[in-house]
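Below are the chains, spelled out letter by letter.
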Amino acid sequence: MEISLRNQVAVVTGASSGIGSGIAKSLASAGATIIVNHSSERSTDEAKAVLKEITDAGGTGITYQCDVSKEDQVVKMFQDVVSQFGTVDILINNAGVQKDSKFTEMTLDQWNTVIGINLTGQFLCAREAIKEFLRRGIDTSRSVACGKIIHISSVHEIIPWAGHANYASSKGAIRMLMQTLAQEYGADKIRVNSICPGAIQTPINKDAWSTPEALDSLLKLIPYNRIGQPQDIGNLAAFIASDLADYITGTSIFVDGGMTTFESFSTGG
Ligand code: BGC
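1. Things to note about the overall build of the protein chain
- When you go through the protein chain residue by residue, the secondary structure sums to seven helices and seven strands.
- When the elements of the protein chain are put in sequence order from the N terminus, they spell out β-α-β-α-β-α-β-α-β-α-β-α-α-β.
- By residue count, 51% of the 269 residues in the protein chain fall in the buried class.
- Looking at the protein chain alone, contacts between residues at least 24 apart form 74% of all its contacts between residues at least 6 apart.
- Accessible surface, the protein chain as shown: approximately 12500 Å² in total, 54% of it carbon and sulfur.
- Across the protein chain, the centroid of the 22 positively charged side chains sits 2 Å from that of the 28 negatively charged ones.

Take a look at the structure:
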């Protein structure tokens, strides 16, 4: 059994670091051409480094700067990708941020930034991707599906998270966005799913793993007793995007070392 994404074009948002970069490399190794999206000028070098790893390993792609919370930029990114590569087959809706704060001190700016990137950004990219999938129609030389969207959500789409109301709200909403799109476009053969990572070792949660004490307390939340790696998410993303997963749509798959079993209940309750 081989996971193949040959002849397919994948837009991976927020691919210059963390989980996005892991997914970009996995999809590339399965044969997809990767659009390594990054949000700003500042992340250009990182995006280029991810692309270099991809091309060094024999893959193909480009880097593309676009802030996913901005409608005009998202529309242009999809137009540019379609004019350069002909179409888009896979969207990995990954770009996301945390702006943590105790709820009563959370500013509107912290709220809007997180909702704008994590939720509105996923809406805008999904809308442009689905329009393109429908325009192209099914082409079985690429995939038996008309298109695939993978939302990168979080264990916090079901685990409430004190001090992170904006982030948890954005992830809870992604679940409904994903399920609604899967329902609305199932008959068009567009598959829509979410991957819900637990604690993955990336810059977004550096405080939770960069000292031995922090890592120790993090591991108390993870029955499998290790922190996740971007590759753990990339492996699943490549599978879900492939035709091997053709009957999977409208679901959230947790990749969390068991975090959602609520380990703190193992000795109480
Ligand atoms: C967050 C991380 C956190 C993990 C588990 C993720 O969605 O971005 O900061 O470590 O959930 O709590």
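2. Observations regarding helix α4 (residues 108–136)
- In this model, α4 (29 residues) spans 40 Å end to end at C-alpha, consistent with the 42 Å of a helix rising 1.5 Å per residue.
- Roughly 40 degrees is the biggest bend found in α4, and it falls at glycine 116.
- A positive backbone phi angle near 80 degrees is found at glycine 137, which sits one or two residues after α4.

3. A look at the packing of aromatic side chains
- One pass over the full model with this rule turns up one aromatic pair.
- A ring pair is formed by tryptophan 161 and tyrosine 167, whose centres lie 5.7 Å apart and whose planes are at 70 degrees; its orientation type is edge-to-face.
- We classify tryptophan 161 as partly exposed; its relative accessible area is 29%.
- Given the relative accessible area of 9%, tyrosine 167 is considered buried.

4. Let's talk about the packing of helix α1 (residues 18–29) against helix α7 (residues 230–241)
- Orientation of α1 relative to α7, taken along the N-to-C sense of each, is 45 degrees, at an axis distance of 8 Å. Here α7 runs oblique to α1, going by the angle between their axes. Crossing handedness for the pair α1 and α7: right-handed. Residue-level inspection shows Gly18, Ile19, Gly22, Ile23, Ser26 and Leu27 of α1 in contact with α7, the latter providing Pro230, Gln231, Ile233, Gly234, Asn235, Ala237 and Ala238.
- Per-class residue counts for the contact of α1 with α7 are seven nonpolar, six polar and no charged.

5. Considering the site of the ligand
- The full set of residues close to the ligand is Gln98, Ser154, His156, Trp161, Tyr167, Gly198, Ala199, Ile204, Asn205 and Met259.
- A distance of 2.7 Å separates an oxygen atom of the ligand from a polar side-chain atom of histidine 156.
- One of the side-chain nitrogen or oxygen atoms of asparagine 205 is found 3.3 Å away from an oxygen atom of the ligand.

6. Points about the environment of isoleucine 92
- For isoleucine 92, the position within the fold is in strand β4 (residues 90–93).
- We classify isoleucine 92 as buried; its relative accessible area is 0%.
- As a C-alpha pair, isoleucine 92 and alanine 10 span 82 residues in sequence and 7.3 Å in three-dimensional space.
- Once residues lying within four places of it in the same chain are set aside, the contact partners of isoleucine 92 are Val11, Val12, Thr13, Ile23, Leu27, Ile150 and Ile152.

7. Observations concerning unusual backbone geometry
- Even without being a glycine, asparagine 7 presents a positive backbone phi close to 70 degrees.
- By the element assignment, asparagine 7 lies in the segment before β1 (9–12).
- Accessibility expressed as a relative area gives 54% for asparagine 7, which makes it exposed.
- Of note, asparagine 225 is a non-glycine position whose phi angle comes to about 65 degrees, a positive value.
- Within the secondary structure, asparagine 225 sits in the loop between α6 (212–219) and α7.

8. Description of the packing of α4 against helix α5 (residues 165–185)
- Running from N to C, α4 and α5 cross one another at 15 degrees; their axes reach a closest spacing of 8 Å. The angle between α4 and α5 places the two elements in the roughly parallel class. The interaxial crossing formed by α4 with α5 has right-handed handedness. Between α4, through Gln110, Trp111, Val114, Ile115, Asn118, Leu119, Gln122, Phe123, Ala126, Ile130 and Leu134, and α5, the contact on the second element is made entirely by Ala165, Asn166, Tyr167, Ser169, Ser170, Lys171, Ala173, Ile174, Leu177, Leu181 and Tyr185.

9. Quick word on a nonpolar patch on the surface
- Side chains of Met1, Ile3 and Leu244 sit close together on the surface and give an oily, nonpolar patch of about 350 Å² of accessible area.
- Checked against the element boundaries, leucine 244 lands in the loop between α7 and β7 (252–255).

Here is what the cut-offs are and how they apply
Residues numbered from 1 in each chain as written. Predicted model: local features only at pLDDT ≥ 70, side-chain atom pairs only at ≥ 80, totals over all residues. Heavy atoms only, no water. Helix = DSSP H or I, 4+ residues; strand = E, 2+ residues; numbered from the N terminus. Buried < 20%, exposed > 50% of the residue type's maximum accessible area, 1.4 Å probe, protein only. Contact = heavy atoms within 4.5 Å. Areas by Shrake-Rupley, 256 points an atom, 1.4 Å probe, with all protein chains shown as cover. Lys, Arg positive; Asp, Glu negative; His and termini not counted. Charge placed at Lys NZ, Arg CZ, Asp CG, Glu CD. Expected span 1.5 Å × (residues − 1). Bend = angle between axes of the 7 residues up to and from the residue. Phe/Tyr/Trp six-rings, centres within 6.5 Å; stacked < 30°, edge-to-face > 60°. Axes fitted to C-alpha atoms, helices over the stretch in contact; angles between N-to-C directions. Parallel < 35°, antiparallel > 145°, perpendicular 65-115°, else oblique. Left-handed = near helix turned anticlockwise from the far one by under 90°. Nonpolar A, V, L, I, M, F, W, Y, C, P; charged D, E, K, R; others polar. Near = heavy atom within 4 Å. Polar contact = N/O pair within 3.5 Å; in protein donor to acceptor, adjacent residues only side chain to side chain. Patch = residues over 30% accessible without salt bridge, like charges linked within 9 Å, V, L, I, M, F, W, Y side chains within 5 Å. Salt bridge = Lys/Arg side-chain N within 4 Å of Asp/Glu carboxyl O.

From the geometry alone we can't say anything about function, so treat these as descriptive.
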